Amino acid sequence: MRLHLSLGAAFCALCLPAFSPVLPAAADETPRRKPGLWRMEHVMQGAPSPSGGVEMCIDEKTDDIMRQNIGENGPKCEKLSFTRDGDKYRVSSVCKLDKSVTKTEGVFTGSFDSAYRGELHITYTPPIHNLASADMVLEAKWLGPCKPGQKPGDIVMPGLPGGQMNMQELIKKREQLRKGAQ
């Protein structure tokens, strides 16, 4: 994932229960979110937080598509674990992000059918944008079915041109551009 610290972290935290540096975990290791409309809010100590939350319409395939795509094109991880520990999911990773090594440790609790919370500690060596470490708390809540006219992958987030985008369409366009460049 390319970082705009708060925007990027918010986006990836919403896309997958395990956020940015912990993305490429095997599909069977990570919990699946209930299809429908999810709202995610986060606070990242040491970085500005976006105003308002992020909403995303997902179906049964959305998390898998994003996990696969971001895993192929995101940070390169030498250590990655996402394990269940009773009613908690523990995440740990060591990844290369641009010229920095990103280490993440955290715990997710709750239900991926209704609401979950993540508490993460991230370190960047060397620092990224003068940020050496950060603690992030994110909370996600299932709001119900997607709104009329929404399709899987639709994201509504402050700061986006037009206020929304569709991740699945962006992934397809990027793939087309990549194939055209070869």
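This one's a predicted model, so the numbers in the text were calculated from it and none came from an experiment.

Considering the sheet that holds strand 9 (residues 164-166)
Hydrogen bonding along the main chain pairs the strands of a sheet, whether they run parallel or antiparallel. Reading across from one edge, 3-4-5-6-7-1-2-8-9 is the order of the nine strands in this open sheet, with antiparallel pairing throughout. Single-partner strands in this sheet number two, and they are strand 3 (76-85) and strand 9. Between one strand axis and the next, the sheet turns by 20° as a mean value, whatever way the strands run. Sheet strands in contact with helix 3 (residues 167-181) are strand 8 (154-156) and strand 9, and its direction is about 55° off that of strand 9.

Details of the state of the cysteines
One pass over the structure, following the stated rule, counts one disulfide. The disulfide that involves C57 links it to C146, with 2.0 Å between the sulfurs. Judged by the sign of its S-S torsion, about 100°, the bond between C57 and C146 is right-handed. A residue pair is termed long-range when its members are at least 10 positions apart, and C57 in strand 2 (residues 54-58) and C146 in the loop between strand 7 (131-144) and strand 8 qualify at 89 residues. Looking at C57, the relative accessible area reads 2%, which means it is buried. Using a relative accessible area of 22% as the deciding quantity, one classes C146 as partly exposed.

Some remarks on the nonpolar core
With 26 residues, the main nonpolar core has M44, F108, Y116, L138 and I155 as its most contacted residues. Mapped onto this core, the elements with two or more residues apiece are strand 1 (36-44), strand 2, strand 4 (88-97), strand 6 (115-128) and strand 7.

Some words on the environment of L120
By the secondary structure assignment, L120 is in strand 6. Once the C-alpha coordinates of L120 and L138 are considered, the two residues, 18 residues apart in sequence, prove to be 8.5 Å apart.

So, the pairing of strand 3
In the sheet, strand 3 pairs with strand 4 via nine bridges, with the strands oriented antiparallel. By the bridge assignment for strand 4, C77 is matched with C95. Hairpin connection between strand 3 and strand 4: a loop of two residues separates the two successive antiparallel strands, and G86 in this loop has a positive phi of roughly 70°.

Considering the pairing of strand 6
Bridge count for strand 5 (residues 100-111) against strand 6 is 11 bridges, and the pairing is antiparallel. Paired with V101 across the bridge in strand 6 is T125. Hairpin geometry of strand 5 and strand 6 is characterised by an intervening segment of three residues between the two adjacent antiparallel strands. Pairing of strand 6 with strand 7 involves 10 bridges; the strand directions are antiparallel. Within strand 7, the residue paired with G118 across the bridge is L138. Between the antiparallel neighbours strand 6 and strand 7 lie two residues, among them H129 with a positive phi of about 50°.

About the thresholds
Residues numbered from 1 in each chain as written. Predicted model: local features only at pLDDT ≥ 70, side-chain atom pairs only at ≥ 80, totals over all residues. Heavy atoms only, no water. Pairing = 2+ DSSP bridges. Helix = DSSP H or I, 4+ residues; strand = E, 2+ residues; numbered from the N terminus. Axes fitted to C-alpha atoms, helices over the stretch in contact; angles between N-to-C directions. Contact = heavy atoms within 4.5 Å. Disulfide = S-S within 2.5 Å. Buried < 20%, exposed > 50% of the residue type's maximum accessible area, 1.4 Å probe, protein only. Core = buried A, V, L, I, M, F, W, Y, C linked by side-chain atoms within 4.5 Å.

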